[in-house]
Amino acid sequence: MKLSMTNLPTDDSTRHVLGISGGKDSAALAIYIKECYPEVHEKVEYFFTDTGAELKEVYEFLDKLEAYLGKEIVRLSSGKDFDHWLKLHNEYLPSPQQRWCTRVMKIKPFEAFVGDDPVISYIGIRADENREGYISRKETIKPIFPFIEDGLIRDDIFQMLEDTVGIPEYYQWRSRSGCYFCFFQRQDEWLGLKRNHPELFEKAKAFEKRKREKYDWADGKQEIEGHGYTWSSQGSIDELVERAETREKKNGIIVKTNNTNERWQDSLRNDDDDDPEDQSCLICSL
Ligand code: SF4
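These lines cover the structure that appears in this document, whether it is placed above or below. If you're wondering where the values come from, they're calculated on a predicted model, not measured in any experiment. (Residues numbered from 1 in each chain as written. Predicted model: local features only at pLDDT ≥ 70, side-chain atom pairs only at ≥ 80, totals over all residues.)

## Structural notes on the packing of helix H1 (residues 24-36) against helix H7 (residues 154-162)
Viewed as axis vectors pointing N to C, H1 and H7 meet at an angle of 70°, and their least axial separation amounts to 9 Å. One finds that H1 runs roughly perpendicular with respect to H7. As for how H1 packs across H7, the hand of that crossing is left-handed. Counting all contacts with H1, which are made through Lys24, Asp25, Ala27, Ala28, Ile31 and Tyr32, the residues of H7 involved are Ile157, Met160 and Leu161. In the contact of H1 with H7, the residues fall into seven nonpolar, no polar and two charged. (Axes fitted to C-alpha atoms, helices over the stretch in contact; angles between N-to-C directions. Helix = DSSP H or I, 4+ residues; strand = E, 2+ residues; numbered from the N terminus. Parallel < 35°, antiparallel > 145°, perpendicular 65-115°, else oblique. Left-handed = near helix turned anticlockwise from the far one by under 90°. Contact = placed C-beta atoms within 7 Å. Nonpolar A, V, L, I, M, F, W, Y, C, P; charged D, E, K, R; others polar.)

Okay, here's the thing in structure tokens:
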């Protein structure tokens, strides 16, 4: 029988889990479940997989959400920081094609958390989206999509957040949660990082500038740089920001700021900012 919100297993051995990414949709799903399915809320284990590279706004938002839910959001982690994993990957920065960061810092801790227990994993993909979330290959983990089942769309999610914990502050200049250096950021989001968290922008830049060497049998030790050593295949983040600034000079403000009479929450809501090309793993950004 197909798994649905009206047809959930009632046995005590099945675990119910909901991953909070720090983004709007997973937070709204937790709120929705608390409000509309209180008996499920009682059973759900909320968790957040911390890469150690999140924005401080994400932690503030998690605290608010935890207070609203009245339940702990369990913090998971890989036990090591990004630097450790980067060294293990020969200093090769992750990218959409080589997304080792999601695998080691998000998926593995999650799979260790659930072990081999039978699990129902609640996922916040909306009825107006056409994309797939992280679906585990583990047979024991079954996904369920309450928003799709109940027909909730983007506007419902904003309304729910506005009525409860608010929209995470970083949505003023960034369209996703996740690591401050996430390579899925658009040029204007890198510019937003530079303006809102200059120290994190400098840290992201420092990863690109690390000295890397390879040994060639003919030429001996060689310094290397280029794609794989920048966050984007389009160039260094300084170059991306420069392009965004040039566009801004030409077209006017592109990094959202609260410089009109409209509240930023309203302009965000009216703006269809969800990127249809967004290929990011939704375990990070949903
Ligand atoms: S947020 Fe981006 S950089 Fe961080 S783990 Fe996810 S895909 Fe990787």
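## Regarding the pairing of strand E4 (residues 119-122)
The pairing of strand E1 (residues 15-19) with E4 spans four bridges and is classified as parallel. Bridge pairing in E4 links arginine 15 to valine 119. As defined by bridge partners, E4 adjoins strand E5 (residues 141-144) across four bridges and the pair is classed as parallel. For serine 121, the partnering residue across the bridge sits in E5 and is proline 143. (Pairing = 2+ DSSP bridges.)

## Digging into the environment of isoleucine 33
Tracing the sequence through the fold places isoleucine 33 in helix H1. According to the C-beta neighbour criterion, isoleucine 33 is buried, with 24 such atoms within 10 Å. Taking the C-alpha atoms as reference points, isoleucine 33 and leucine 69, 36 residues apart in sequence, are found 9.7 Å from one another. Other than its neighbours up to four places away in sequence, isoleucine 33 contacts Val40, His41, Val44, Tyr122 and Pro146. (Buried ≥ 20, exposed ≤ 12 C-beta atoms within 10 Å, placed from the backbone.)

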